[in-house]
Amino acid sequence: MVIARHVFVAALFTLAALSTHAQERFITVASTTSTEQSGLFAYLLPIYERKTGIKVHVVALGTGQALDVARRGDADVVFVHARAAEETFLAEGHGVKRYPVMYNDFVLIGPKADPARVGGGKDIVAALKRLEAAHAPFVSRGDRSGTHMAELELWKTAGIDIDKARGPWYRDTGQGMGPALNTAVSMNAYILADRGTWLAFKNQGDFTVLVEGDKRLFNQYGVMLVNPDRHPNVKKELGQQFVDWVISPEGQKAIASYKINGKQLFYPNAQDPAA
Amino acid sequence: MHYFSYIDVGVSSLPSAMSSLSQGGLEALRLIAGADPKLVQIVSLSLQVSLSAVAVACLAGLPLGAAIAVSRFHGRRALIVALNASMGLPPVVVGLLVYLMLSRAGPLGELGLLFTPAAMVVAQAILITPIIAALSRQVIEDAWMEYREQLHSLGETRLGAAVTLLWDLRFSLVTIVLAGFGRAAAEVGAVMIVGGNIDGVTRVMTTAIALETSKGDLPLALGLGMVLLVIVFSLNAAAYLVNETAQRRYG
Amino acid sequence: MNYTQELGPPRSLLPLELEGVSFSAGARLIIDDVSVRLDAGRRTVIVGPNGAGKSVLLRLCHGLLSPTHGTIRWNSPEAPGTARRQAMVFQRPVLLRRSALANVLYALQVAGVSRNHRQQRAREALLKVGLDGLRAHPARVLSGGEQQRLALARAWALRPEVLFLDEPTASLDPGAAQEIEAIIAAMHGAGTKILMVTHSLGQARRMADEILFLHQGRLIERASAERFFKHPRSLEAAQFLEGELPW
């Protein structure tokens, strides 16, 4: 019985210790695996936290899931990359206003040997057509993420109904960007990835960028405060403060200065109203 | 020879798998030797979360196991089967249920526990309470067969008997509690969902391993995995030694 | 009801009366219509061939089993929730994983003895069975004979009016068995009624004042020990004493 009492007291202390996290000022940002796994947040957030003393808790999910978390009122800010899904989110009344933040681009990754010979050019649509014709192994995210939505859009542009054309060559993994890249590398398959995650990815093996530079591969990120009228727990002031900083000249400069091996990963474009 | 025809894809990745393993070992050594502050923070959060979950699960599971062991009631067998089956609760399902409960849109949303360590404690405690209850029920019931007449003879009540058995079997129960701890500490699906793997807040060993794997940093992921193994192994070794000494001492 | 409570010592548990007691496990009848009255004082030993139902009868008397038919009535029954005034020692002692002393203290605690009396009573009981020197030893690592003595000390500390013993020396060597018999005799000398089952006719001869002879669940014969061993009345008892019934 004495032991039980000790255990109980210890448990209380531990829970108390754990809950101290909740007492500091923080906001929760639902974002995408690409921003987390490319290392952007690990670079950007400490700058913001030093400046404001506000901690930013990032929950990194696919864009679709991130928006769903916000729809339940579990995040203060969303920071994602799928324009159409973001517009829907706004139209449903879950977001206040969408601001463009930055862009990078998608790239088609594949083995250096390039057995389907799709590399070299800029034309992503031609490359996808060739992949489909050759039934070359292709890994899809399959997780409603921004990258997945972009991929589906590109198949459509190429005039391919992927639901009909899919076969054993088309591997729908339902995974985040990193795990999907791991899968592609181990299966010698082609994959569409965002450039940031690819550059930060360490298990590149014999893989390389085969198609890039097509304007249809453009990948725009947006940021929104979750609507406090709809979700009263949203930290309105703190959340808006973060949004304002990200699109401010200072935040934009910080984004531009994040580099891996001298290569810039994201290009700020908050000033572009059409983005 | 025909074996090799199957692994033409694997041949190229085989050397890299080997080097990943050895790199993982080196990484683990570097992490431990350097007492990397980030690692220390992740390890200590892992321990805090899983030990709290074990404490909660013991407070619920041990009395439950003991109560079922010493009582006879209608539906007891069905309850035992259900309890044994729930040892295999899929972590992701538990994570999802806890997420839905704790979400702002859920019934317990007001507590604001989602994406906090407390949420992870809840999820892990739900996962391991059935393990502790079911395994302790078995051990206590076996002992109850032996002790029942003597304790009845002394005039002990069922409640008193349950408490007496829990204390008398403390050394065997330690092993069960450790099994629960192992499961809690090694679990990733549930804590990922309810904790959100937030850097510095809810990132524990397993979610850090998952993240590093995602980033393709396999040596770092393996290194972290080895650190986790070392911790779980040391705890078990310590418990085993204590147990063995105690068994010899107390019979 | 409190105001009608009698002052002074409670009335004795004994005599114990069994009336038409039967016990069956499933379809098997183990105790068949036993009626007997057990008085204070004498040492009663239950003998009989294997499977006669001796241990079951003992458990029925002690309340560990409930009769299928019939009634078991104490003169002044123990009120539920109060300390037991009877104790039992089993063939294999069940001791807790704590010290010898703590085992006795535990029994006293369950019996509701106040904290400041427990220590003294436990030490006295341990002294009586010659285990005071081993009181700090973990109970479960004591020798078989020591464990059984500890079980007796635990019973004795409770100062029971009746002590039930189920083959208490069956798993012990002769030396240890002798010590156990001496302790039982001492307890009897201190005023405790003894009701014992034994396998050993020698032990029954040494210890019994009266014999209950059980055969196939029925109480065949009840007699003073002297008379039973010299002139058994029933054929079964005679055969049993001749060693012709399996036991």
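Keep in mind that this is a model prediction, so the values were computed, not measured.

A. Region of interest: helix H4 (residues 63-71) of chain A. For H4(A), every residue scored as buried is listed here: A:Thr63, A:Gly64, A:Ala66, A:Leu67, A:Val69 and A:Ala70. One or two residues past the end of H4(A) sits A:Gly73, with phi positive at roughly 80°.

B. Main features of the sheet that holds strand E7 (residues 193-197) of chain C. Residues and elements named next belong to chain C. Pairing is mixed across the open sheet formed by six strands, whose spatial order is E5-E6-E7-E3-E8-E9. Here the strands that pair on one side only, and so sit at the sheet edges, are strand E5 (86-89) and strand E9 (218-224). Direction aside, the axes of adjacent strands within the sheet are offset by 15° on average. Each of strand E3 (43-47), strand E6 (162-166) and E7 touches helix H5 (residues 174-189); the most contacted strand, E7, lies at about 150° to it.

C. Highlighting helix H4 (residues 76-85) of chain B. All names here are of chain B. Along H4, the positions that sit buried rather than exposed are Arg 76, Ile 80 and Leu 83. End-on, the buried residues of H4 take up no more than an arc of 65°, which puts them together on one face. Among the exposed residues of H4, those oriented more than 90 degrees off its buried face are Arg 77, Ala 78, Val 81 and Ala 85. Buried residues belonging to H4 abut helix H3 (37-70) and helix H6 (117-153).

D. Structural detail: the side chain of C:Arg84. Assignment of secondary structure puts C:Arg84 in the loop between strand E4 (69-74) and E5. You can call C:Arg84 buried: its relative accessible area is 19%. A distance of 3.4 Å separates a polar side-chain atom of C:Arg84 from the backbone oxygen of B:Ser153. The contact partners of C:Arg84, leaving out residues within four places of it in the chain, are B:His152, B:Ser153, B:Leu154, B:Gly155, C:His62 and C:Glu78.

E. View of the pattern of salt bridges. Residues and elements named next belong to chain C. Per the counting criterion, the structure on display carries 40 salt bridges over all chains. Of the charged contacts, one joins Arg 85 and Glu 161 as a salt bridge, the two residues approaching to 3.0 Å between their closest N and O atoms. Here Arg 85 is found in the loop between E4 and E5, whereas its partner Glu 161 is found in the loop between helix H4 (144-157) and E6, with 76 residues between them in sequence. Given a relative accessible area of 18%, Arg 85 falls into the buried group. Residue Glu 181 is joined to Arg 206 by a salt bridge in which the shortest nitrogen-to-oxygen separation is 2.7 Å. Separated by 25 residues along the polypeptide, Glu 181 in helix H5 and Arg 206 in helix H6 (residues 201-207) bring together distant segments of the chain. Classification of Glu 181 as buried rests on a relative accessible area of 10%.

F. Examining unusual backbone geometry more closely. Geometrically, the link from C:Leu14 to C:Pro15 is a cis peptide bond, its omega value of 0° lying close to zero. Relative to the helices and strands, C:Pro15 resides in the segment before strand E1 (16-25). Despite not being glycine, A:Arg144 shows a phi value in the positive range, around 60°. Among the secondary structure elements, A:Arg144 is positioned in the loop between strand E5 (138-140) and helix H7 (146-157).

G. Main features of the interface of chain B and chain A. Facing the 32 residues of chain B at the interface are 29 residues of chain A. A combined buried area of about 2600 Å² lies between chain B and chain A, and 63% of that area is made up of carbon and sulfur atoms. If you look at where chain B meets chain A, you find two salt bridges. Note that A:Lys202 is salt-bridged to B:Asp217, the shortest N-O span being 2.9 Å. Our count for the contact surface shared by chain B and chain A stands at eleven residue pairs in polar contact (both at pLDDT 80 or more). When residues of the side of chain B that touches chain A are traced back to their parent elements, those giving at least two are H3, helix H5 (91-102), H6, helix H7 (158-168) and helix H10 (205-214) of chain B. For the side of chain B that touches chain A, the residue count by class is 17 nonpolar, ten polar and five charged.

H. Representation of the interface of chain C and chain B within the structure. Listed by partner, the interface residues are 21 residues for chain C and 19 residues for chain B. Counting the surface lost from both chain C and chain B, the interface buries some 1900 Å², and carbon and sulfur atoms represent 53% of this. If you sort the residues of chain C by the area they bury against chain B, C:Val94, C:Arg97 and C:Tyr106 come out on top, with a joint share of 33%. Inspection of the region where chain C meets chain B yields three salt bridges. B:Glu146 is the salt-bridge partner of C:Arg140, the closest N and O atoms lying 3.5 Å from each other. For the side of chain C that touches chain B, a count of residues per class yields 13 nonpolar, two polar and six charged.

So, how was this worked out
- Residues numbered from 1 in each chain as written.
- Chains lettered and ligands numbered in written order.
- Predicted model: local features only at pLDDT ≥ 70, side-chain atom pairs only at ≥ 80, totals over all residues.
- Heavy atoms only, no water.
- Buried < 20%, exposed > 50% of the residue type's maximum accessible area, 1.4 Å probe, protein only.
- Helix = DSSP H or I, 4+ residues; strand = E, 2+ residues; numbered from the N terminus.
- Pairing = 2+ DSSP bridges.
- Axes fitted to C-alpha atoms, helices over the stretch in contact; angles between N-to-C directions.
- Contact = heavy atoms within 4.5 Å.
- Arc of directions from axis to C-beta.
- Polar contact = N/O pair within 3.5 Å; in protein donor to acceptor, adjacent residues only side chain to side chain.
- Salt bridge = Lys/Arg side-chain N within 4 Å of Asp/Glu carboxyl O.
- Buried area = accessible area lost by both parts, 1.4 Å probe.
- Nonpolar A, V, L, I, M, F, W, Y, C, P; charged D, E, K, R; others polar.

Worth remembering: the numbers are spatial, not functional.
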